[in-house]
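Coordinate inspection notes
Residues per chain, in single letters:
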Amino acid sequence: MTLPTDVRVGLAAAALFVALPFAGLGDYWLYTLTIGFYYAILAASWSLLVGYVGRISFAQAAMSGLGAYTSVMTVLGLGWPVPLALVVGAAIAGALGLFIGWLSLRLHGPYLGLTTIAFAEILRIAVTAEHQWTRGSLGLSAAPLIDGATRPVLYFVALAVLIATVALLWAILRTRIGLFFQAIREDEEGAASLGVQVTLWKVVAFALSTAVAGLGGGLYAHVVGLISPTMMSLQEMGYVLAMAVIGGFHNIIYSALGGVLLQVLLEYLREIGEWRLAIFGLITILILRFAPNGLFGTLAALGAALRGRS
Amino acid sequence: MSGIALVEQALNGLVIGSFYALTALGLSIIFGVLKIVNFAHGEFYMIGGYIYYLALAALGLPPVAGVVVAALGLVVLGGLVEWSLIRPVYTDKVDRPDEYAIMITFGLAILLQNLMLSLYGPWPLRPAPIFRGRVEIGELIISGDRLAAAAAAVVLIAVVLVILRATWAGKAVRAVSQNRKAAEVLGVNVGRTALLAFGLGAALAGAAGALIGPVFNVTPIMGIIPVVKAYVVVVLGGLGSIWGALAGGLILGQVEVFATVLIPDTSRALAYKDAYGLAVLVLVLLVRPQGLFGERRRLA
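Residues numbered from 1 in each chain as written. Chains lettered and ligands numbered in written order. Predicted model: local features only at pLDDT ≥ 70, side-chain atom pairs only at ≥ 80, totals over all residues. Heavy atoms only, no water.

**Thoughts on the interface of chain A and chain B**
Where the parts come together, the accessible area they lose is often given as the size of the interface. The interface is formed by 47 residues belonging to chain A together with 46 residues belonging to chain B. Interface of chain A and chain B: buried area, both sides summed, is about 4,200 Å²; carbon and sulfur atoms make up 75% of it. Where chain A meets chain B, there are zero salt bridges. On inspection of chain A and its partner chain B, the count reaches six residue pairs in polar contact (both at pLDDT 80 or more). At the level of secondary structure, the elements contributing two or more residues to the side of chain A that touches chain B comprise helix 2 (27–52), helix 5 (109–129), helix 11 (234–247) and helix 13 (275–290) of chain A. For the side of chain A that touches chain B, the element with the most residues is helix 5 of chain A, which contributes 13 residues. (Contact = heavy atoms within 4.5 Å. Buried area = accessible area lost by both parts, 1.4 Å probe. Salt bridge = Lys/Arg side-chain N within 4 Å of Asp/Glu carboxyl O. Polar contact = N/O pair within 3.5 Å; in protein donor to acceptor, adjacent residues only side chain to side chain. Helix = DSSP H or I, 4+ residues; strand = E, 2+ residues; numbered from the N terminus.)

**Considerations on helix 8 (residues 176–186) of chain A**
Residue and element names in this part refer to chain A. Among the residues making up helix 8, those that are buried are G178, F180, F181 and I184. Considered in projection along helix 8, the buried side chains sweep an arc of 160° and stay on one side of the axis. Exposed residues on helix 8 whose side chains face more than 90 degrees from its buried face are R176, L179 and E186. Turning to helix 8, the residues buried within the fold contact helix 2, helix 7 (151–174), helix 9 (188–193) and helix 10 (198–224). (Buried < 20%, exposed > 50% of the residue type's maximum accessible area, 1.4 Å probe, protein only. Arc of directions from axis to C-beta.)

**Concerning the environment of F206 of chain A**
All names here are of chain A. With respect to the helices and strands, F206 occurs in helix 10. Between the alpha carbons of F206 and I56 there is a distance of 10.0 Å; along the sequence they are 150 residues apart. Aside from chain neighbours lying at most four places away, what touches F206 is L49, S57, G97, I100, G101 and T116.

**Let's talk about the side chain of S104 of chain A**
Here S104 of chain A is to be found in the loop between helix 4 (82–103) and helix 5. Assessed through its relative accessible area of 1%, S104 of chain A is described here as buried. With residues up to four places along the chain from it excluded, the contact list for S104 of chain A reads R55 and L112 of chain A together with L286 of chain B.

**Some words on the packing of aromatic side chains**
For any two aromatic rings, the description comes down to two numbers: the centre-to-centre distance and the angle of the planes. Residue and element names in this part refer to chain A. Taken as a whole and assessed by the stated rule, the structure comprises 19 aromatic pairs over all chains. Each ring, one from F22 and one from F156, has its centre 5.9 Å from the other, and the planes form 40°; the classification is tilted. On the criterion of sequence distance, the pair formed by F22 in the loop between helix 1 (5–19) and helix 2 and F156 in helix 7 is long-range, its members being 134 residues apart. Accessibility expressed as a relative area gives 69% for F22, which makes it exposed. Classification of F156 as partly exposed rests on a relative accessible area of 29%. Summarising the aromatic geometry, the rings of F99 and W102 are spaced 6.4 Å apart at their centres and angled 35° between planes, so their arrangement reads as tilted. You can see F99 and its partner W102 sitting in helix 4, three residues apart, about one turn around the helix. Accessibility expressed as a relative area gives 52% for W102, which makes it exposed. Cluster of aromatic residues (ring-pair linked, three or more members): F17, F22, F37, Y155 and F156. The positively charged end of R151 is found above the aromatic ring belonging to Y31, 4.1 Å away from the centroid. (Phe/Tyr/Trp six-rings, centres within 6.5 Å; stacked < 30°, edge-to-face > 60°. Lys NZ or Arg CZ within 6 Å of the ring centre and 35° of its normal.)

**Topic: the packing of helix 1 (residues 3–34) of chain B against helix 8 (residues 190–212) of chain B**
Residue and element names in this part refer to chain B. Axis separation between helix 1 and helix 8 bottoms out at 8 Å; the angle between their running directions is 165°. The angle between the axes of helix 1 and helix 8 places the two elements in the roughly antiparallel class. Once helix 1 is placed against helix 8, the crossing between them reads as left-handed. Between helix 1, through F19, L22, T23, L25, G26, I29, I30, V33 and L34, and helix 8, the contact on the second element is made entirely by T193, A194, A197, F198, L200, G201, A202, L204, A207, A208, L211 and I212. A breakdown of the residues in the contact of helix 1 with helix 8 according to their chemical character gives 17 nonpolar, four polar and no charged. (Axes fitted to C-alpha atoms, helices over the stretch in contact; angles between N-to-C directions. Parallel < 35°, antiparallel > 145°, perpendicular 65-115°, else oblique. Left-handed = near helix turned anticlockwise from the far one by under 90°. Nonpolar A, V, L, I, M, F, W, Y, C, P; charged D, E, K, R; others polar.)

**A short note on the pairing of strand 1 (residues 134–137) of chain B**
Residues and elements named next belong to chain B. Two elements, strand 1 and strand 2 (residues 140–143), share four bridges in a ladder whose sense is antiparallel. When the bridges of strand 2 are listed, E136 appears paired with I141. A loop of two residues connects strand 1 with strand 2, the two strands running antiparallel in sequence, and G138 in this loop sits at a positive phi of about 60°. (Pairing = 2+ DSSP bridges.)

**Observations concerning the confidence of the model for chain B**
In the predicted model, chain B carries a mean pLDDT of 88, and 98% of its residues have values of at least 70. Here helix 11 (residues 266–271) of chain B stands out as the least confident element of chain B, with mean pLDDT 74; helix 2 (residues 41–57) of chain B is the most confident, with 95. (pLDDT = per-residue confidence, 0-100.)

Here's what the structure looks like:
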């Protein structure tokens with residue numbers, strides 16, 4: 001049995017990431033990759049919504065922040081263990097996503113974009129304003145993911161969460177649900193006429209996507225140890241969009257790889273300062289315009305074409 | 001609240017509202033013709049601020065000429081963007097034009113923001129305003145730079161309204177806004193009109209940035225908050241509606257000023273100032289997506 005190209009690419013990348021610490025990669029780069037895994041989760045969750053269901057959202061970074069703050073405050077306020085708090089963060093983000101998805105059912109395209117921007121900004125403003133709980137823009141310290149864990153341990157935990165999340169999403173997308181999603185993307189009324197419960201699956205997609213973002217945010221919080229409302233900003237959302245688009249937002253595996261790739265490049269090109277973000281913006285535009293399947297999607301198609309010819 | 005304070009707040013709201021209206025007008029013209037929200041509008045506004053600053057600092061132009069140069073510069077930039085990136089939306093070159101337009105303008109916003117951050121750094125620049133000093137009307141004291149910027153905004157809006165009403169190009173913009181197919185059948189060149197609308201919308205954003213930049217500050221992120229306000233304004237007035245953008249701007253100006261004053265806990269009131277409009281945006285889209293003045297249409 002041959003596996004689909006995207007799965008083979010994903011497995012190869014996963015094998016590489018598992019091998020890197022054993023090949024002697026230093027703590028600094030392991031930490032960079034760990035943050036990259038967070039962005040990968042975010043980019044994958046966003047592309048689930050945009051690439052598969054065709055529903056645009058600008059609330060992904062805000063939802064990640066919601067998951068992060070919920071998780072950190074659950075540990076601080078209720079004294080729950082971190083893994084449980086992560087689940088609570090994901091559940092709250094998913095619940096709000098369910099609500100927003102239900103509210104905005106009838107909205108499409110730019111209208112949906114504006115609605116999700118509004119929700120994202122309201123969330124960010126509320127987290128900044130309620131400083132008696134969140135310490136506002138000063139930031140909130142988070143309990144460590146695992147007490148006394150070294151960088152390599154955190155790296156493997158984050159990698160495991162990323163792989164588990166992407167595998168779960170991939171498995172869901174492979175069932176009939178994935179087909180429902182794509183049917184909604186291609187033609188909502190047509191799908192409904194063929195018996196797809198459009199309302200249900202649109203809301204489910206929103207909730208699933210935001211829950212994964214919330215989980216990612218919680219993971220980030222407990223890895224980094226400090227969160228602030230900037231992680232919910234529209235600029236941050238822009239980077240997630242750039243990562244998913246550059247990787248290939250029609251495929252969760254490719255967009256996840258886009259997240260890791262961009263984060264690594266961001267660190268690697270540190271000396272050119274903000275130019276790297278300008279360049280990423282430019283690449284995002286060029287890819288959208290000329291290679292909408294993204295870097296990995298285009299490469300995969302190219303590879304398939306070459307093999308077909310030989 | 002005393003009578004004079006009430007008038008002062010109302011006047012403040014009017015000044016801010018005119019800024020909002022000017023920024024939102026361009027967004028609305030672009031949406032009317034192209035049926036896309038330009039998510040890089042705030043960055044056009046920001047570039048306008050920088051062009052104004054450079055026109056004054058490097059070329060030594062007078063402020064009014066600086067505003068004109070900023071507007072012209074944005075006509076060129078807007079035209080280039082429309083021609084290179086937006087055109088595929090309506091020539092069936094891309095799969096899903098709605099999502100493409102949203103993402104490409106958002107990507108453009110990232111590019112422009114970080115380009116200016118790289119070129120000029122995050123430091124706020126403060127070019128000279130059109131008019132300095134204070135204006136006193138009886139007991140009322142208003143800072144002159146704001147009042148002058150608001151007056152210039154009103155003049156600009158009036159000019160645009162005349163262009164839209166009286167010129168052939170303006171009529172083409174309105175015709176395509178109302179019914180693209182019918183306009184095309186009657187001989188309007190839709191591609192050229194789209195280019196025109198995008199250039200005009202960008203020019204309005206640039207002029208707004210040039211006028212308001214000196215009042216607040218010119219920074220790479222100066223466009224983020226005003227453009228979110230502009231989203232609120234155009235949604236409130238009805239996406240694509242010219243009068244809606246103007247009325248929405250004035251309404252939001254008053255709402256923000258008075259909502260802030262009326263809430264007793266001042267620090268919290270200020271912190272949530274930017275959220276009122278967003279709540280209005282969500283409410284309008286859910287209850288009355290066509291806004292106050294927009295036409296009812298399918299929202300697909």
